[in-house]
Each structure stands twice: as structure tokens, then as C-alpha cells.
Amino acid sequence: NTRRLLTLINQLLDFRKVNSNKYLLNFTLVNINELVQETAGLFEPSVNKQQKQISLSLPQEPVIAAADKDSLTKIVSNLLNNAVKYSDKTIGVTLLKEATSFVLQVRNDGEIIPKQHRLKIFEPFYRVDNHKENSSGIGLPLVKSLVELHHGEITYWEEKGLNCFSIVLPLNQEKVITLQHEPQIPPEEET
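Residues numbered from 1 in each chain as written. Predicted model: local features only at pLDDT ≥ 70, side-chain atom pairs only at ≥ 80, totals over all residues. Heavy atoms only, no water.

Colleague: Pulling in residues and values, what's your account of the sheet that holds strand β5 (residues 101-108)?
Modeller: Taking strand neighbours across the sheet as the criterion, the 5 strands line up as β2-β4-β5-β7-β6 in an open arrangement whose pairing is mixed. Of all the strands in the sheet, just β2 (53-57) and β6 (153-159) have a single pairing partner and so form its edges. Averaged over all pairs of adjacent strands, the angle between strand axes in this sheet comes to 15°, irrespective of strand direction. Together, β2, β4 (90-97) and β5 form the strand contacts of helix α2 (residues 32-49), whose direction differs from that of β2 by roughly 170°. The strands touched by helix α4 (residues 139-149) within the sheet are β6 and β7 (162-170), with β6 carrying the most contacts at an inclination of about 130°. (Pairing = 2+ DSSP bridges. Helix = DSSP H or I, 4+ residues; strand = E, 2+ residues; numbered from the N terminus. Axes fitted to C-alpha atoms, helices over the stretch in contact; angles between N-to-C directions. Contact = heavy atoms within 4.5 Å.)

Colleague: Can you break down helix α3 (residues 69-86) residue by residue, with the values?
Modeller: Here α3 is 18 residues long and its end C-alpha atoms lie 26 Å apart, about the 26 Å a rise of 1.5 Å per residue gives. Along α3, the positions that sit buried rather than exposed are Ser71, Leu72, Ile75, Val76, Asn78, Leu79, Leu80, Asn82, Ala83, Val84, Lys85 and Tyr86. (Expected span 1.5 Å × (residues − 1). Buried < 20%, exposed > 50% of the residue type's maximum accessible area, 1.4 Å probe, protein only.)

Colleague: Quick rundown of the packing of α3 against α4? Include the residues and the values.
Modeller: Axis separation between α3 and α4 bottoms out at 9 Å; the angle between their running directions is 145°. In this structure, the crossing between α3 and α4 has a hand that is left-handed. Across the interface between the two elements, Ser71, Lys74, Ile75, Asn78, Leu79 and Asn82 of α3 pack against Gly139, Leu140, Leu142, Val143, Leu146 and Val147 of α4. Here the contact of α3 with α4 is composed, by residue class, of 7 nonpolar, 4 polar and 1 charged. (Left-handed = near helix turned anticlockwise from the far one by under 90°. Nonpolar A, V, L, I, M, F, W, Y, C, P; charged D, E, K, R; others polar.)

Colleague: Can you lay out α2 for me, pointing to particular residues and giving the numbers?
Modeller: Between the first and last C-alpha of α2 there are 27 Å, a value that for 18 residues agrees with the 26 Å anticipated at 1.5 Å per step. Of all the bends in α2, the greatest, near 40°, is centred on Phe43, and the proline Pro45 appears no more than four residues after it. Within α2, burial applies to Ile32, Asn33, Leu35, Val36, Thr39, Ala40, Phe43 and Val47. Looking at the buried residues of α2, the elements they touch are β1 (28-31), β2, β3 (64-67), α3, β4 and β5. The N-terminus of α2 is capped by Asn31, whose side-chain oxygen sits 3.1 Å from the backbone nitrogen of Asn33. Following α2 by one or two positions, Gln51 adopts a phi angle in the positive range, close to 55°. (Bend = angle between axes of the 7 residues up to and from the residue. Polar contact = N/O pair within 3.5 Å; in protein donor to acceptor, adjacent residues only side chain to side chain.)

Colleague: Go over the pairing of β4 with me, naming the residues and quoting the values.
Modeller: Examined bridge by bridge, β2 and β4 share 5 bridges and lie parallel to one another. When the sheet's bridge partners are listed, Ser57 is paired in β4 with Thr94. Examined bridge by bridge, β4 and β5 share 7 bridges and lie antiparallel to one another. Along β5, the bridge assignment pairs Lys97 with Phe102. Once β4 ends, the chain turns through 3 residues before running back antiparallel as β5.

Keep in mind these numbers describe shape, not what the thing actually does.
Here it is in C-alpha cells:
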């Protein structure tokens, strides 16, 4: 409970910073494959305890993108947390690379979000009443705000009885900080 409360407080503080334009992003080159694997790994004990399954579908070639690593970790963590919390048995994560962007899709087999709630779930403090889990209503609005700070977009849809969330983020950003040990983009992919 203490950990959950601390997470909620940190989310509220982050959300407040974003809304007051005080949340600064430091774009560096990030190996998205590794970030997704590491973040999903943090959920494995919870997934196993609940007798659920999480599957990752990642490209063989690493997806390297300019991103704020901390913010991107928060985005992936929130999406995975919701998928685990609201799933019945399975959670699927897919990473795709496109010409100028990458797409991360998170699916779960839980109760489908009713049509009348689908746009509202990205509003602060909005909660879908019929879901079995308690929610603060801050996770998805924070994700949306962080995705938009990355000049990306987030969408929700239902597909074959699955809840599907997708984020699309650019591979490149206008200002990227260069670190000594960061992944390198192959020459043919530089813009």
C-alpha cells in the first residue's frame, strides 16, 4: 500500500509539472527494445503471482530513438500496469519500427472498455465505474501528456475482444543530448 501511495503521489506531481509546463525532457538516444524488456521484466513477479501471461514481440534489430528515457519508462510502466491490472489472463506487447517513428502496442484480454468511455479515459481523474479494480484516474492522462511532450500520439481501440493501446513516437527529436555510452543510429537511418 505504501508503494502504491508513493507511485500515485509521484504521478500526481508529474502530472502537475506537465500541466504547468515545468516538466523538462532530456532527449537522448535510447534502445527501445531494451527499455521495453527491462520494464516488462519488472511486472513478471506480479504477472506470475496472478497466473497471467505476458508476451513480448520485439524486432530483432534494436529500435533506437531519441526519447526522454525516464518519461518513456513511465509511459511503458503505466500501460503495462493497466494491462496487468485489468487483464483476465494475457497481456501482449508489440514494438514496431516505421520509417520515421516507432509504435508500441499493449493489449490485454480483460473487460472491454465501453464505447462511451473510450475518449474520456484520457481525461484526468476519470474512472470507468464498472471495472473491478480501483483506479486513481491519473495514469492514462499522464501517459497521454508525456506522449504529447514527445510529439507523439496515443490511441485506444478494441480488436477481437482485446483492449488495445498504441503509442506512436518519432524516432528523432529536434534537440538530442549526446552521451558517451548511448546507442548509435546506423548511418543510413540518420536524418
